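Each chain, written out:
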Amino acid sequence: MPFALLLALVATATGTIATYFYDRDAPMPARACAGVCTGFVALGLVGFILASFLGLTPLTLLLAVVIVAAPLALLLKSEWRTRLAVDIGDAWGFVRRALISGGDGGRGVVIFYASVAVLFWFLFGRVMYVSGGEVFTGAETNLGDLPFHISIITGFAFGDNFPPQHPEFSGVRLTYPFMIDFVAAMFVRAGASLEGVMFWQNFVLALALVGLLHRWAWRLTRDRLAALITPALVLLSGGLGWWVLVREWRAGSRSVFEMLWALSHDYTITSGETAYRWGNALTVLLIPQRGLLLGIPLALIVWMLWWRVVGDDVDGEDERGRSREDEKRGKGETGKRVKSGKSRRQRRGGDAEGRRRAAVDVASLPVPFSLSPFPRFSPSALMLAAGVVAGLLPLVHAHSFVVMMGMGGCLLLLFPKWWRAWAVFFVSALLIAAPQMWWATRESGARAGTFFGWEFGWDKGTQNVVWFWLKNTGLFIPLLVVALAWRGERPLTSKRLVLFWLPFALCFVIPNLYKLSPWVWDNIKVIFYWWLASAPLVALLLARVWRLRLKGWQAMAGRVAAVTLLLMLTLAGSLDVWRVVSEQAEQKIFDRDGVLLAELIKRETPPRSLILHAPTYNHPVFLTGRRSPMGYAGHLWTHGLDYLPREADLRRMYAGGAGAAELLERYAVDYVVVSPLEQTAMVVNSQFFERYAKVGEAGAYRLYKTTRP
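Residues numbered from 1 in each chain as written. Predicted model: local features only at pLDDT ≥ 70, side-chain atom pairs only at ≥ 80, totals over all residues. Heavy atoms only, no water.

Novice: When you look at the overall build of the chain in this model, what are you seeing that I'm missing?
Specialist: A tally of regular secondary structure across the chain gives 30 helices and 11 strands. For the chain, the proportion of its 709 residues judged to be buried stands at 56%. Excluding contacts between residues fewer than 6 apart, the proportion of contacts in the chain whose partners are at least 24 apart in sequence is 75%. Surface accessibility of the chain: about 30300 Å² in total, with carbon and sulfur atoms responsible for 64%. (Helix = DSSP H or I, 4+ residues; strand = E, 2+ residues; numbered from the N terminus. Buried < 20%, exposed > 50% of the residue type's maximum accessible area, 1.4 Å probe, protein only. Contact = heavy atoms within 4.5 Å. Areas by Shrake-Rupley, 256 points an atom, 1.4 Å probe, with all protein chains shown as cover.)

Novice: Mind showing me how you'd approach the sheet that holds strand E9 (residues 671-674) here?
Specialist: One open sheet accounts for four strands, arranged E8-E9-E11-E10; its pairing is mixed. Each having just a single partner strand, strand E8 (611-612) and strand E10 (693-698) make up the two edges of the open sheet. Relative to E9, E8 runs parallel, the two being bridged by two bridges. Bridging across to E9, Ile611 finds its partner in Tyr671. (Pairing = 2+ DSSP bridges.)

Novice: Help me out: how do you make sense of unusual backbone geometry in this one?
Specialist: With the exception of glycine, the majority of residues adopt a negative phi angle, and the majority of peptide bonds are in the trans configuration. Here the residue pair Phe162 and Pro163 is connected by a cis peptide bond, since its omega of -10° sits within 30 degrees of zero. As for its position among the elements, Pro163 is in the loop between helix H6 (145-158) and strand E3 (165-166). Positioned with a positive phi, Asp160 is a non-glycine residue whose angle comes to about 50°. Mapped onto the elements of the fold, Asp160 is located in the loop between H6 and E3. Relative accessible area serves as the criterion here: at 34%, Asp160 is assigned to the partly exposed category. Backbone geometry places Glu583, a non-glycine residue, at a positive phi of 60°. The residue Glu583 is located in the loop between helix H24 (553-581) and strand E7 (587-590) in this model.

Novice: Just to check I follow, could you spell out helix H18 (residues 419-441) for this structure?
Specialist: Side chains of residues three or four places apart in an α-helix project in the same direction, reflecting 3.6 residues per turn. When the local axis directions of H18 are compared, the greatest deviation, roughly 35°, occurs at Ala433, which is followed within four positions by the proline Pro435. Count one or two residues on from H18 and you reach Glu443, which has phi positive near 55°. (Bend = angle between axes of the 7 residues up to and from the residue.)

Novice: I tried to follow the confidence of the model for the chain on my own but got confused; where do I start?
Specialist: Reading predicted coordinates in detail is not appropriate for stretches of low pLDDT. Looking at the chain, pLDDT values average 89 and 90% of them are 70 or higher. Within the model, the stretch residues 314-375 combines pLDDT values under 50 with 71 contacts to residues more than four positions away or in other chains. (pLDDT = per-residue confidence, 0-100.)

Novice: Help me understand the side chain of Asn280, please; the structure alone is not making it clear to me.
Specialist: By secondary structure assignment, the location of Asn280 is in the loop between helix H11 (256-260) and helix H12 (281-286). A residue is classified by how much of its surface remains accessible, and Asn280, at 0% relative accessible area, is buried. A polar atom in the side chain of Asn280 sits 2.9 Å from the backbone oxygen of Leu235. Beyond its immediate stretch of four places on either side in the chain, Asn280 contacts Leu235, Leu236, Ser237, Thr268, Leu285, Gly573, Asp576 and Val577. (Polar contact = N/O pair within 3.5 Å; in protein donor to acceptor, adjacent residues only side chain to side chain.)

Novice: Looking at this structure, how should I read the sheet that holds strand E1 (residues 129-131)?
Specialist: As a general point, the strands of a sheet are linked pairwise by backbone hydrogen bonds and lie either parallel or antiparallel. With respect to topology, three strands assemble into an open sheet ordered E1-E2-E7, the strand pairing being antiparallel. In the strand order of this sheet, the two ends are held by E1 and E7, each with one partner. The average angle at which neighbouring strand axes cross in this sheet is 45°, direction not considered. Taken together, the three bridges between strand E2 (residues 134-137) and E7 define a ladder with antiparallel strand orientation. Directly across from Thr137, in E7, lies its bridge partner Gln587. (Axes fitted to C-alpha atoms, helices over the stretch in contact; angles between N-to-C directions.)

Novice: Please explain helix H1 (residues 2-18) as it appears in this structure.
Specialist: The end-to-end C-alpha distance of H1, which contains 17 residues, comes to 24 Å, matching closely the 24 Å that a straight helix rising 1.5 Å per residue would cover. Turning to H1, its buried residues are Ala4, Leu7, Ala8, Val10, Ala11, Thr14, Gly15, Thr16 and Ile17. Where H1 is buried, its residues meet helix H2 (28-54), helix H3 (58-68), helix H4 (78-100) and helix H7 (179-189). (Expected span 1.5 Å × (residues − 1).)

Novice: Sorry if this is basic, but what is going on with the packing of aromatic side chains here?
Specialist: The description of two aromatic rings rests on the distance between their centres and on the angle between their planes. What the rule picks out here adds up to 60 aromatic pairs. Ring centres 5.9 Å apart and planes at 75° place the aromatic pair Tyr20 and Trp80 in the edge-to-face group. Of this pair, Tyr20 sits in the loop between H1 and H2 while Trp80 sits in helix H4, placing them 60 residues apart in sequence. In terms of burial, Tyr20 and Trp80 fall into one category: buried. Between Phe688 and Phe689, the ring centres sit 5.1 Å apart and the planes meet at 80°, which makes this aromatic pair edge-to-face. Residue class for Phe688 comes out buried when judged on its relative accessible area of 6%. (Phe/Tyr/Trp six-rings, centres within 6.5 Å; stacked < 30°, edge-to-face > 60°.)

Novice: So what exactly am I meant to see when it comes to the environment of Ala11 here?
Specialist: Turning to its location among the elements, Ala11 is positioned in helix H1. A relative accessible area of 0% means that Ala11 is categorised as buried. Between the C-alpha atoms of Ala11 and Val68, which are 57 residues apart in sequence, the distance is 6.6 Å. Not counting chain neighbours up to four residues away, the residues in contact with Ala11 comprise Gly35, Gly39, Phe40, Leu43 and Val68.

Novice: In this structure, what is going on with the side chain of His166? I would like to understand it.
Specialist: As for its placement among the helices and strands, His166 is situated in strand E3. Within the local environment of His166, its side chain forms a polar contact with the backbone nitrogen of Glu168, the two atoms lying 3.0 Å apart. Look past the residues within four positions of His166 in its chain and what remains in contact with it is Phe148, Val172, Arg173, Leu174, Leu636, His639 and Leu641.

Novice: Could you clarify how one ought to interpret the pattern of salt bridges in this entry?
Specialist: Pairing between side chains becomes possible if they bear opposite charge and their charged atoms approach one another. According to the stated counting rule, one finds 18 salt bridges in the structure shown. Two residues, Asp23 and Arg215, come together in a salt bridge whose shortest N-O distance is 2.5 Å. With Asp23 in the loop between H1 and H2 and Arg215 in helix H8 (residues 194-221), this pair connects stretches of sequence that are 192 residues apart. By relative accessible area, which is 8% here, Arg215 ends up buried. With a shortest N-O distance of 3.5 Å, Asp87 and Arg31 are connected by a salt bridge. Within this pair, whereas Asp87 is found in helix H4, its partner Arg31 is found in helix H2, the two being separated by 56 residues in sequence. Among the residues examined, Asp87 registers a relative accessible area of 1% and is labelled buried. (Salt bridge = Lys/Arg side-chain N within 4 Å of Asp/Glu carboxyl O.)

Novice: Can you walk me through a nonpolar patch on the surface in this structure?
Specialist: Side chains of Ile49, Phe53, Leu54, Leu59, Leu63 and Ile67 sit close together on the surface and give an oily, nonpolar patch of about 610 Å² of accessible area. Mapped by element, the contributors of at least two residues to the nonpolar patch are H2 and H3. By secondary structure assignment, the location of Ile67 is in helix H3. (Patch = residues over 30% accessible without salt bridge, like charges linked within 9 Å, V, L, I, M, F, W, Y side chains within 5 Å.)

Novice: Where do I start with the pairing of strand E4 (residues 169-173) in this structure?
Specialist: It is a general feature of regular strands that their side chains alternate between the two faces of the sheet. With four of five residues buried, E4 lies mostly within the body of the structure. Looking at chain direction, E3 and E4 are connected through two bridges and run antiparallel. Looking at E4, one finds that Gln165 is bridged to Arg173. Between E3 and E4, which pair antiparallel in sequence order, lie two residues.

Novice: How do you make sense of the packing of helix H9 (residues 224-235) against H24 when you look at a structure like this?
Specialist: The angle between the axes and the distance between the axes are what describe a pair of packed helices. Where H9 contacts H24, the two axes come as close as 8 Å, and the packing angle between them is 35°. Along the contact surface, H9 presents Ile229, Ala232 and Leu233, while H24 presents Leu566, Leu569 and Thr570. Split into classes, the residues belonging to the contact of H9 with H24 amount to five nonpolar, one polar and no charged. (Nonpolar A, V, L, I, M, F, W, Y, C, P; charged D, E, K, R; others polar.)

Next up, the structure:
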């Protein structure tokens, strides 16, 4: 466990130090948020390259941590240590002042992050947990995805799965983006438990995502309140599903409080002809679709760098000080500074702090790739950094990489003034991404034709498309339209901001016309980026409504309207999150005998053994890292794999009829599991397998070893 902690700390520290090369004025918490994400990916890429030659051994882990730690040598220079100390001191000073005086809204920010941390602590504690020797998940939407991710993690950690084969379809390359699971496997091999890794990796990355969302929204809107509202709109996303709860309350005899402690289903994603399909971001996307926990933060870093080039820094804003809007608020109409109310002693302290900060000039840092004579930033340098981060995405989350490249191309057309900087972005991104894409797609077993096709209205089924989206996203789209159209003396959005947002509308339009995955619902992985880019604009509208300059009861009505709108946008998602946090949804994945069988398999079989078992989503073999001829058909179909011929052969092998022994030999099966899972899924000829040597058993689970010449 200490070694696993060392891996995480070194990766985070390296990523944090790297932020000084592309984000010189960021506060330390924002640096740490970006650092943990980029550092984990760097650790994963270096570790994977080494493991491909050496296996995932202690030597591999040691070499990976040494290589990733190399940039920390910059701290040997005094100016780097001083700057880091100043940033850490500033962050601690902000927290201390917020807790003592609460000035500049600092107390609200601290309370916000403390609340988020508490929420995530309970939420991600339910992703995977062990009780009574059995493995559970507290999120129903994670029921099928968790065993799949476990199979990838254990394949790397215990199965020597290099080069990676699909854990549920032996002999076929793993093309599913696996980086977050490989990093988890590194932590497991370093001594951490699988349960602990699943919690801490999710918890830390989710906190980093909130921090980057907060900063992204603030840089885009320059509004502190909107920046705090944005993470709520993203993470508690949902539609009008809360009205289903209202109907259930009106039709029943229980109070609302009683119903909140006995929620029987989700309210943002359901099945049937009138289904809700826009699931909550936390329970439907970030928990089961683990790659998004790394993909979205990396995308946000890229977006912030893009905005720095095409729109942000034209205002001359310095994040370490105050924006021009803040400066104007601190002055009267005549331009004189409004009295701050601080004592002379406090002002002297502030002046001393300013002199201390001035002694460490940002420009004094030895950043090697300054490509511009401008003192504040170089567009090409920022785009180089954006390209490097975007280039990390193919093995992290392929949909995110496609979105980055597509949005970058559109923004190049809208902001051609910086074409040289955009060229730097695309060249650097493709240089890093191309080897990953070549490696991931060569000899792929996926059928490309199953990924594409016309499909109007996303996953609406037979529903009217307008009603479908209104029901699934609530007032989000109408409020977005208002935010974009708001004009007058104080327009809500500038022309530059609208142009920057415009390409992201394609992330909504195209997936509503064209299928981008074998399962059309997976288009949400692209559509969600439209929501992500639009949330700051809706948040800015709510903040503006909150601050409407009205008098008397009208002012109060404006605030009530803002709160009501926010509640309507987040209530359905909050219900689903509450259902997980309050432990109302519990699904058993692996029973006690299955866990014991997994330990038996890890103890008695070689790492690269091929084990025949039932094609179910929750077979104990997935806990072992051993290869499977065929796993869950629902996973294989969504990955574009043609599993039907192999499924027919699997059933013939278990039936034990003529040709069964030859099929076992043809597929090079080393071991066979016979258990209630097999007997439920298909016809099993138990007498046929008695001819083979029994390796062991755990309850009703039996493991046989086949003999092959």
